[in-house]
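Summary of structural features
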Amino acid sequence: MVTDRLRTWIGETPRLPAFVYDLDALSAHARRIRDAVPIEVFYAAKANPDAPVLRTLAPHVDGFEVASGGEFRHVRDVLPEARLAFGGPGKTDAELDLDADRVHVESPFELVRLAAKRREADVLLRVNLAGEREGAALAMSGPFGMDPALIEECHATLASAPWLRLRGVHAHLASGLDVPEAVALSGEILEWARPWAEKAGVDAPEFGLGGGMAVDYASPARTFDWETYGREIARLARPGETLRIEPGRAVTAYCGWYVTEVLDVKPAHGRWYAVLRGGTMHLRTPVTKGHDQPFEVFPGRRGNAGSPSVRDAEVTLVGQLCTPKDVFARDVPVAGIGVGDIVAFALSGAYGWNISHRDFLMHEPPGFHYLASEVP
Ligand SMILES: *Cc1c(COP(=O)(O)O)cnc(C)c1O
């Protein structure tokens, strides 16, 4: 799991904690997705908008999905040529002025406000079928997009604003989907969206099928089966239409590591704790997802004589924050861990640093390192 290049980097006495991104591994992973998936792939920038990450992905994706004016300007800046689809609830007037290649419209009122700009724009209406479906994986119910009754209110606005080009329908209904659920969900979206788009008179319609492909934090070596997914999606596709997905997590999770070192080891009330430099203010992922972040321990670089360690024990890995919530992983069996050892948390490339409350307690920020034959 740990790449040779990461192992070498760890051996070079780096300043810790640090985020380390293996860009060659990212490039290979993105190429795998590109080769397997026969429809358009946009990368959801919010999963990790780090500039070298975006540049590494650019040759392998059809575009980028951005969810704010800030993301829009950032991705434009890093990749001026990239196609951008702009979604997200509560767009401001300034955001509605941005010349995205596609605007995902979230409500009838948003469409009215966009129409009032009297500028040309290519729009997909975001539909929310969440309330109509059953299934535990559903996460995106709530104020995202329009339910099928509300979306009907868009017809009048579109009819009176010919500068708006209706291109199709967009949906992003769930996350944490494995292949069968993702394919089934896409099928349901298309079943609803195709007749709707036809009735609305859309030529060569586009259907955004969303992201949400699963990352299994309990089995870091098991990736989403893009090959099977690609074959199944190919069977759903029809000539004359464009299908598009916008995965984030399953694209960048694997390329990133949060690497840090053990500052202290001690028992407390029957539990072993390893206290690590840094904390979940840098890598909030395990707290938000409620999982154990997978990790590997590397033997200490300082060989501190007399410093505490523990062997063959279940250990809880915590950070430097003064809160019991600062837990990376709980009661995980380890062969051995001691002060000065290095811990590398895997699957830290998506929703890691950029979702974290980085200034809480004002510890030193992490460093950032890019492992690649050539950093873009
Ligand atoms: C967050 C988001 C995505 C990406 O979701 P992942 O779970 O990271 O694949 C795609 N589309 C929209 C609209 C989103 O909000």
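Residues numbered from 1 in each chain as written. Predicted model: local features only at pLDDT ≥ 70, side-chain atom pairs only at ≥ 80, totals over all residues. Heavy atoms only, no water.

A word on empty space enclosed by the protein. Under the criterion given, the structure shown has 2 cavities of 30 Å³ or more. Its boundaries defined by the atoms lining it, the largest cavity holds a volume of some 80 Å³. What lines the largest cavity is a set of 13 residues, and nearest its centre among them are Leu 177, Ala 182, Ser 186, Leu 209 and Gly 211. Looking at which element gives the most residues to the lining of the largest cavity, the answer is helix H8 (residues 179-199), with 4 residues. Split by residue class, the lining of the largest cavity holds 10 nonpolar, 3 polar and no charged. Taken as a whole, the second largest cavity spans an internal volume of roughly 40 Å³. Every residue along the wall of the second largest cavity is listed here: Ala 30, Ile 33, Arg 34, Val 41, His 60, Val 61 and Val 251. (1 Å grid on protein atoms, 1.4 Å probe; cavity = no way out; pocket = protein on both sides within 12 Å on 5 of 7 lines; lining within 4 Å. Points joined across faces, edges and corners; volume = space filled by probe spheres on them. Helix = DSSP H or I, 4+ residues; strand = E, 2+ residues; numbered from the N terminus. Nonpolar A, V, L, I, M, F, W, Y, C, P; charged D, E, K, R; others polar.)

Time to look at the packing of aromatic side chains. The relative placement of two aromatic rings is captured by the distance of their centres and the angle of their planes. In total, this model carries 16 aromatic pairs according to the counting rule given. Over the aromatic face of Phe 86 sits the side chain of Lys 91, whose NZ or CZ is 5.6 Å from the ring centroid. (Phe/Tyr/Trp six-rings, centres within 6.5 Å; stacked < 30°, edge-to-face > 60°. Lys NZ or Arg CZ within 6 Å of the ring centre and 35° of its normal.)

On to the sheet that holds strand E8 (residues 206-208). Taken in spatial order, the 8 strands close into a barrel running E2-E3-E4-E5-E6-E7-E8-E9, and their pairing is parallel. Taking each pair of neighbouring strands and ignoring which way they run, the sheet shows an average axis angle of 30°. Relative to strand E6 (residues 121-126), strand E5 (residues 102-105) runs parallel, the two sharing 3 bridges. Bridge pairing links Val 103 to Val 123 in E6. Running over the sheet, H8 touches E6, strand E7 (164-170), E8 and strand E9 (242-245) and is turned about 150° from E8. (Pairing = 2+ DSSP bridges. Axes fitted to C-alpha atoms, helices over the stretch in contact; angles between N-to-C directions. Contact = heavy atoms within 4.5 Å.)

What follows deals with the side chain of Arg 194. Here Arg 194 is to be found in helix H8. The exposure class of Arg 194 is buried, given its relative accessible area of 15%. Of note is the side chain of Arg 194, whose polar atom sits 2.5 Å from the side chain of Glu 241. For Arg 194, the residues in contact, after removing those within four places along its chain, are Phe 207, Leu 236, Ala 237, Arg 238 and Glu 241. (Buried < 20%, exposed > 50% of the residue type's maximum accessible area, 1.4 Å probe, protein only. Polar contact = N/O pair within 3.5 Å; in protein donor to acceptor, adjacent residues only side chain to side chain.)

Our next topic: the UniProt feature "modified residue: N6-(pyridoxal phosphate)lysine" (unreviewed entry) in the chain. Sequence positions flagged by UniProt for "modified residue: N6-(pyridoxal phosphate)lysine" (unreviewed entry) are, in local numbering, Lys 46. By secondary structure assignment, the location of Lys 46 is in the loop between strand E2 (40-44) and helix H3 (51-57). For Lys 46, a relative accessible area of 37% gives the class partly exposed. When near neighbours in sequence (up to four residues on either side) are disregarded, Lys 46 contacts Glu 71, Tyr 351 and Asn 354. (UniProt positions renumbered as here; feature names shortened; annotations may be inferred.)

Below, the discussion takes up the site of the ligand. Around the ligand, the structure places Ala 44, Lys 46, Glu 65, His 172, Ser 175, Gly 211, Gly 212, Glu 246, Pro 247, Gly 248, Arg 249 and Tyr 351. Within the backbone of Gly 212, one N or O atom sits 2.8 Å away from an oxygen atom of the ligand. Within the side chain of Tyr 351, an N or O atom sits 2.5 Å from an oxygen atom of the ligand. Look at the ligand: alone it shows 390 Å² of surface, and the protein chains cover 90% of it. (Near = heavy atom within 4 Å. Areas by Shrake-Rupley, 256 points an atom, 1.4 Å probe, with all protein chains shown as cover.)

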